[in-house]
Amino acid sequence: MAKCIFIDTTRCTACRGCQVACKQWHDHEAVPTLQTGTHQNPPDLTPHNFKLVRFSEHKIDGRVHWLFFPEQCRHCLQPACKDTADMYVEGAIVVDEATGIVICTEKTKELTKEQCDEIIDSCPYNIPRRNEKTNELTKCDMCIDRVQAGLIPMCVKTCVAAMSFGEREDMLKVAEQHLERVKKTFPEAELLDAEDLGVVYLVSHPREMYHKYAQREIRPLNRADFLADLTRPFRKALG
Ligand code: SF4
Ligand code: SF4
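Residues numbered from 1 in each chain as written. Chains lettered and ligands numbered in written order. Predicted model: local features only at pLDDT ≥ 70, side-chain atom pairs only at ≥ 80, totals over all residues. Heavy atoms only, no water.

Colleague: Before we go on, may I ask you to explain the pattern of salt bridges in this structure?
Modeller: Oppositely charged side chains are able to pair whenever their charged atoms sit close together. Evaluation of the coordinates by the stated rule reveals 13 salt bridges. Notably, a salt bridge pairs D196 with R216, separated by 2.9 Å at the nearest N-O pair. Residue D196 is located in the loop between β9 (190-192) and β10 (199-203), and its partner R216 is located in the loop between β10 and α7 (223-237); the two are separated by 20 residues in the primary sequence. Via salt bridges that share partners, D44, R54, E71, R74 and R129 belong to a single interconnected network. (Salt bridge = Lys/Arg side-chain N within 4 Å of Asp/Glu carboxyl O. Helix = DSSP H or I, 4+ residues; strand = E, 2+ residues; numbered from the N terminus.)

Colleague: For this particular structure, what's the right way to read the site of ligand 2?
Modeller: In the region of ligand 2, the neighbouring residues are I5, C22, H26, K51, Q72, C140, D141, M142, C143, P153, M154 and C155. Here the residues of the shell around ligand 2 sort into eight nonpolar, two polar and two charged. (Near = heavy atom within 4 Å. Nonpolar A, V, L, I, M, F, W, Y, C, P; charged D, E, K, R; others polar.)

Colleague: Looking at this model, I keep getting lost on the site of ligand 1. Mind explaining?
Modeller: Near ligand 1 you find 14 residues, and of these C73, R74, C76, C81 and C123 are the closest. Each residue belonging to the shell around ligand 1 can be placed in one class, and the counts come to 11 nonpolar, one polar and two charged.

Colleague: It is not clear to me how the sheet that holds β10 should be interpreted in this structure. Could you clarify?
Modeller: Two pairing modes exist for strands in a sheet, parallel and antiparallel, and in both the strands are linked by backbone hydrogen bonds. Strand order in this open sheet of four strands is β8-β1-β10-β9, and the pairing throughout is mixed. The open sheet has two free edges, formed respectively by β8 (163-167) and β9, since each of these has just one partner strand. Geometrically, the sheet is characterised by an average inter-axis angle of 25° between neighbouring strands, direction not taken into account. Of the strand pairs in this sheet, strand β1 (residues 3-8) and β8 are connected by five bridges, and their pairing is antiparallel. Note on β8: the bridge partner recorded for F6 is S164. In this fold helix α6 (residues 168-183) packs onto β1, β8, β9 and β10, with an angle of close to 15° to the strand it touches most, β1. (Pairing = 2+ DSSP bridges. Axes fitted to C-alpha atoms, helices over the stretch in contact; angles between N-to-C directions. Contact = heavy atoms within 4.5 Å.)

Colleague: So what exactly am I meant to see when it comes to the nonpolar core here?
Modeller: Most often, soluble globular proteins have nonpolar side chains that are buried together. Judged by nonpolar contacts, the single largest core of 27 residues is most densely connected at I5, V53, F69 and M163. Those elements giving two or more residues to this core turn out to be β1, β2 (52-60), β3 (63-71), α4 (144-148), α5 (154-158), β8 and β10. Apart from residues no more than four positions distant in its own chain, V53 is found in contact with C12, A14, R16, C18, Q19, Q40, F68, F69 and P70. A85, L111, C116 and I119 belong to the second-largest nonpolar core, a separate cluster that totals 12 residues. (Core = buried A, V, L, I, M, F, W, Y, C linked by side-chain atoms within 4.5 Å. Buried < 20%, exposed > 50% of the residue type's maximum accessible area, 1.4 Å probe, protein only.)

Colleague: What is the right way to look at helix α1 (residues 17-25) in this model?
Modeller: In an α-helix, one turn spans 3.6 residues; hence positions three or four apart end up facing the same way. Here α1 has its buried residues at G17, C18, Q19, A21, C22 and K23. Those residues of α1 hidden inside the fold are in contact with β2, α5 and β8. Note on α1: the residue one or two positions beyond its end, D27, has a positive phi of about 55°.

Colleague: Sorry if this is basic, but what is going on with unusual backbone geometry here?
Modeller: Most peptide bonds take the trans configuration, and most residues that are not glycine carry a negative phi. With an omega of 0°, the peptide bond between N41 and P42 qualifies as cis. Tracing the chain through its elements places P42 in the loop between α1 and β2. Look at D27: it is not a glycine, yet its phi comes out positive at around 55°. In this fold, D27 is placed in the loop between α1 and β2. The class for D27 is exposed, based on a relative accessible area of 69%. Look at M142: it is not a glycine, yet its phi comes out positive at around 50°. Within the fold, M142 resides in the loop between β7 (136-138) and α4.

Colleague: So what exactly am I meant to see when it comes to the pairing of β10 here?
Modeller: Across a regular strand the side chains alternate sides, sitting on one face of the sheet and then on the other. Where burial is concerned, most of β10 is hidden: five out of the five residues are buried. Burial along β10 is two-sided: the residues V199, Y201 and V203 and V200 and L202 are all buried. Bridging between β1 and β10 involves four bridges; their strand directions are parallel. By the bridge assignment, I7 is partnered in β10 with Y201. Relative to β10, β9 runs antiparallel, the two being bridged by three bridges. Among the inter-strand pairings, E190 is bridged to a residue of β10, identified as V203.

Nothing here speaks to function; it is geometry throughout.
Spelled out as structure tokens, the structure:
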């Protein structure tokens, strides 16, 4: 049965325990980083950071508010990354049948840099990252080794309040219960693209107030197809 992580961002305090736990479990090296004027650190997802608490700062009713968003792969039910990867190397990105978890495999090493870029471009949430040293595409694997052993993902285990894990149907019910409660204070609260994803976020404010990729960005699957679409009318006119 499909597994799901539910993240109630209204409960996230940006402690970043999830970020650290993810790095520890995957044995990811520490990477030097810079203070760029925000507490979001590192500034972006990397091959060594599958989870990142994003910070958005807003002035609401005269007061400064931080909106936190613990970013990771959404484990899409119809993953565009896999569709794009399949055009080049079958099996580079696979979906685990038992859990619905979307995984980058060792076969991503067979992809060229350009093909990796195309896969990254096709992800509506800008998630995968290419490791330049190993040429592997990387991203959150929902801790499939833990899940297959009957454990919960490491970030969920570490989080004290905002994250839950379980069967997708159960998580959607939990998400609806949280939404009903949060809407009493924040009428614009919503679940982000819940019908299509294996990682469901509850946000209290309009999605555009969070980081750019909190909103789904549908991109052309393939640059060649995109260019072909663009030039089709001219090619038709020319016969
Ligand atoms: Fe693939 Fe992006 Fe969906 Fe993750 S969020 S499964 S990388 S398309
Ligand atoms: Fe990292 Fe596992 Fe959480 Fe994914 S589910 S962000 S791999 S700890």
